[in-house]
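This is what each chain is made of:
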Amino acid sequence: MWPTLLPGDLAGFSPRPAPQVGEVLVFRLAGKILAHRVVRASPQGLFLRGDACLSGEGPVCPSQALGRIEQIRRGGRTLAAPEWDRPLGAVGRALFSKLSALARRGSR
């Protein structure tokens, strides 16, 4: 995920019984371990997208979540959730989401 998680970051996560929209979760999907942000929750499941991805995944059963990323280790420093999740911020994520939707619409 860019720019939230960078190559070489080590992510620490904890179990999350009720994932919330906006959280970055670790999932096991199709035999891979992925870290994606929850962009929507519905009765069908969770819809996920990496911050650098134009398309998302879902619906995904919440039970597939291994946990929520709580901290990362970057360059010898340990950063707690609010600190590591700031680079894009809420406004940037909203803008990225809108641009992603426009790009998807234009590719149809």
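Residues numbered from 1 in each chain as written. Predicted model: local features only at pLDDT ≥ 70, side-chain atom pairs only at ≥ 80, totals over all residues. Heavy atoms only, no water.

1. Let's talk about the overall build of the protein
Moving on, step 1. Of the regular secondary structure elements, the protein holds 2 helices and 7 strands.
Moving on, step 2. Reading the protein from its N end, one meets helices and strands in the order β-β-β-β-β-β-β-α-α.
Moving on, step 3. Long-range pairs, those at least 24 residues apart, make up 52% of the contacts in the protein with a sequence separation of at least 6. (Helix = DSSP H or I, 4+ residues; strand = E, 2+ residues; numbered from the N terminus. Contact = heavy atoms within 4.5 Å.)

2. Examining unusual backbone geometry
Moving on, step 1. For the peptide bond that leads from G58 to P59, omega is 5°, which places it in the cis range.
Moving on, step 2. On the secondary structure map, P59 appears in strand 5 (residues 57-60).

3. Here's the deal with the nonpolar core
Moving on, step 1. In this structure, L25, F27, L29, V38, L46, L48, V60 and A65 together form the largest nonpolar core, which totals 8 residues.
Moving on, step 2. Put simply, the parts of the chain that give this core at least two residues each are strand 2 (24-29) and strand 4 (45-49).
Moving on, step 3. Examining the composition of this core, we find that 3 residues originate from one element, strand 2, more than from any other.
Moving on, step 4. Each residue touching A65, except ones within four places of it in the same chain, is listed here: L25, V26 and F27.
Moving on, step 5. Formed by 6 residues, the second largest nonpolar core is a distinct cluster that contains L5, I69, I72 and L79. (Core = buried A, V, L, I, M, F, W, Y, C linked by side-chain atoms within 4.5 Å. Buried < 20%, exposed > 50% of the residue type's maximum accessible area, 1.4 Å probe, protein only.)

4. A short note on a nonpolar patch on the surface
Moving on, step 1. Residues F13, I33 and L66 make up a contiguous nonpolar surface patch of about 260 Å² in total accessible area.
Moving on, step 2. Here I33 lies in strand 3 (residues 32-42).
Moving on, step 3. For I33, a relative accessible area of 49% translates into the label partly exposed. (Patch = residues over 30% accessible without salt bridge, like charges linked within 9 Å, V, L, I, M, F, W, Y side chains within 5 Å. Areas by Shrake-Rupley, 256 points an atom, 1.4 Å probe, with all protein chains shown as cover. Salt bridge = Lys/Arg side-chain N within 4 Å of Asp/Glu carboxyl O.)

5. Focus on the packing of aromatic side chains
Moving on, step 1. Under the counting rule described, the total for this entry stands at 0 aromatic pairs.
Moving on, step 2. Sitting over the ring of F47, R40 keeps its end group 3.9 Å from the ring centre. (Phe/Tyr/Trp six-rings, centres within 6.5 Å; stacked < 30°, edge-to-face > 60°. Lys NZ or Arg CZ within 6 Å of the ring centre and 35° of its normal.)

6. Structural notes on the pairing of strand 4
Moving on, step 1. Burial analysis of strand 4 places 5 of its 5 residues in the buried class, the great majority of the element.
Moving on, step 2. As defined by bridge partners, strand 3 adjoins strand 4 across 5 bridges and the pair is classed as antiparallel. Bridge pairing in strand 4 places S42 opposite G45.
Moving on, step 3. The turn linking strand 3 back onto strand 4 is made up of 2 residues.
Moving on, step 4. Here strand 4 runs beside strand 5; their pairing, made up of 2 bridges, is antiparallel. Within the sheet, the bridge partner assigned to L46 lies in strand 5 and is V60. (Pairing = 2+ DSSP bridges.)

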